[in-house]
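Secondary and tertiary structure notes
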Amino acid sequence: MFERDTDDLSASERERIVKTAVSPRPVAWVGTRDASGADNLAPFSSYTYVGAEDPSVLFTASRRDGELKDTPRNVIDTEVFSVSVATADVLETVDHTAADPEEGDEFDLAGVERAECDRIDAPYVADAPIAMECTLHDRQEIHGRTMLIGDVVRFHAADAAMRDGQVDSREITTIGRLGGPYYTYTESVEFERRY
């Protein structure tokens, strides 16, 4: 059996173990707009919800050469962001938006149709089955990562994501990250929570 203290492992070894153990991790496709009006779209798999009754979500972002990346910088500057649900049919496109375009933005780079949020100044993915408009609730710096928590102020749900008048996860094939460079997607099983 493999047993090691974290201090005895390299950063990449620790990362691989944690990201494999905490999986699958849903992918937030985060849309932002900077102060000059330039749009940004990037996938984040360090993402979850904080609360559902008062809906809030969080994602964390690493730094590049010690500097904030575009998405967290835009969120901090504008205090808003959108989250679009990423699905299996657009997996390659989602992955493509992780690249930094030399010109334009990630929407243009990957050929993603954008839609304008109603309550905040940010874009979201027009074809996403669900999108959420968020206002910044809080930010924390933890071990060199920036954690951003957003309060959801508006939902967008496509008709295809609905069943009997409610959003239904069986209608959406979401993607998730595994350890290493691997992805997975949801496939519901015939078992319902009982307790």
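Everything below is about the structure shown above.
A few points on the structure. (Residues numbered from 1 in each chain as written. Predicted model: local features only at pLDDT ≥ 70, side-chain atom pairs only at ≥ 80, totals over all residues. Heavy atoms only, no water.)

A closer look at the sheet that holds strand β4 (residues 47-51)
What counts is decided by this rule: Any two strands between which DSSP finds at least two bridges are classified as paired. Runs of E in the DSSP output that reach at least two residues are strands. Runs of H or I that reach at least four are helices, and both are numbered from the N terminus. Comment: axis = line fitted to C-alpha atoms, over the contacting stretch for helices; angle = value between 0 and 180 degrees taken between N-to-C directions. In this analysis, two residues are considered to be in contact whenever any of their non-hydrogen atoms come within 4.5 Å of each other.
An order of β3-β2-β8-β11-β12-β5-β4 is seen for the 7 strands of this open sheet, with the pairing classed as antiparallel. On the outer flanks of this sheet lie β3 (39-44) and β4, each paired with one strand and no other. When the angles between neighbouring strand axes are averaged without regard to direction, this sheet yields 35°. When strand β8 (residues 80-85) meets strand β11 (residues 130-142), the two strands line up antiparallel, connected through 5 bridges. Residue pairing across strands places S82 opposite E133, the latter belonging to β11. Against the sheet, helix α2 (residues 70-78) makes contact with β2 (28-33), β3, β5 (56-61), β8, β11 and β12 (145-157), and its axis sits at roughly 55° relative to β2, the strand it touches most.

Remarks on the sheet that holds strand β16 (residues 183-185)
Taken together, the 3 strands give an open sheet; going across it, the order is β1-β15-β16, and neighbouring strands pair in antiparallel fashion. Both edges of this open sheet fall to β1 (25-26) and β16, since each of them pairs with a single strand only. Both strand β15 (residues 175-177) and β16 contribute to a ladder of 3 bridges, which runs antiparallel. Across the sheet, residue I175 finds its bridge partner in β16, namely Y185.

Some points on the side chain of R25
Basically, it comes down to this: Contacts described as polar in this section are N or O atom pairs within 3.5 Å, which, within protein, must combine one atom able to donate a hydrogen with one able to accept it, while residues neighboring in sequence count only if both atoms come from side chains.
Positionally, R25 belongs in strand β1. Side-chain polar atoms of R25 contact the backbone oxygen of K19, separated by 2.7 Å. The residues touching R25, leaving out its near neighbours within four places in the chain, are K19, S45, I175, G176, R177, L178 and G179.

Topic: the pattern of salt bridges
Should the charged atoms of two oppositely charged side chains come close, the side chains can pair. To be explicit about the condition: Here, a salt bridge means any side-chain nitrogen of Lys or Arg that lies within 4 Å of a carboxyl oxygen of Asp or Glu. Between buried and exposed lies partly exposed: a residue is buried under 20% and exposed over 50% of the maximum accessible area for its type, with that area taken using a 1.4 Å probe on protein chains only.
Evaluated as defined, the whole model comprises 15 salt bridges. Taking the shortest distance from any N to any O, the salt bridge between E116 and R33 comes out at 2.8 Å. Residue E116 is located in strand β9 (residues 114-116), and its partner R33 is located in strand β2; the two are separated by 83 residues in the primary sequence. Given a relative accessible area of 10%, R33 falls into the buried group. Residue R170 is joined to D168 by a salt bridge in which the shortest nitrogen-to-oxygen separation is 2.5 Å. Residue class for R170 comes out partly exposed when judged on its relative accessible area of 47%. What makes D168 buried here is its relative accessible area of 10%. Each of R33, D39, D105, D108, R114, E116 and D121 takes part in salt bridges that share partners, so that together they form one network.

Side note on the layout of surface pockets
Test applied: The rule is simple: put a 1 Å grid over the protein atoms alone, call a set of points where a 1.4 Å probe fits but cannot get out a cavity, call an open set with protein on both sides within 12 Å along at least five of seven lines a pocket, and count a residue as lining if it has an atom within 4 Å of a point. Grid points are joined across faces, edges and corners, and a volume is the space filled by probe spheres set on the points. The residue classification treats Ala, Val, Leu, Ile, Met, Phe, Trp, Tyr, Cys and Pro as nonpolar and Asp, Glu, Lys and Arg as charged. All others, Gly included, are polar.
The volume enclosed by the largest pocket comes to roughly 1,100 Å³. Lining the largest pocket are 36 residues, and of these K19, S46, T60, S62 and R145 lie nearest its centre. In terms of residue count, β3 provides more of the lining of the largest pocket than any other element does, 5 residues in total. Looking at the lining of the largest pocket residue by residue, the class counts come to 14 nonpolar, 10 polar and 12 charged. Roughly 840 Å³ of internal volume is contained in the second largest pocket. If you trace the second largest pocket, you find 27 residues lining it, with D168, S169, R170, I172 and T174 closest to the centre. Sorting the residues of the lining of the second largest pocket by element identifies β8, β11 and β12 as the ones contributing at least two each.

Digging into unusual backbone geometry
The omega torsion across S23 and P24 is 0°, close enough to zero to call that bond cis. Within the fold, P24 resides in the loop between α1 (11-21) and β1. In this structure, H143 takes a positive phi of about 50° despite not being glycine. Relative to the helices and strands, H143 is located in the loop between β11 and β12. Phi angles above zero are rare outside glycine, and D164 is one such case at about 55°. Tracing the chain through its elements places D164 in the loop between β13 (162-163) and β14 (166-167).

Remember that the coordinates give geometry; whether it matters functionally is a separate question.
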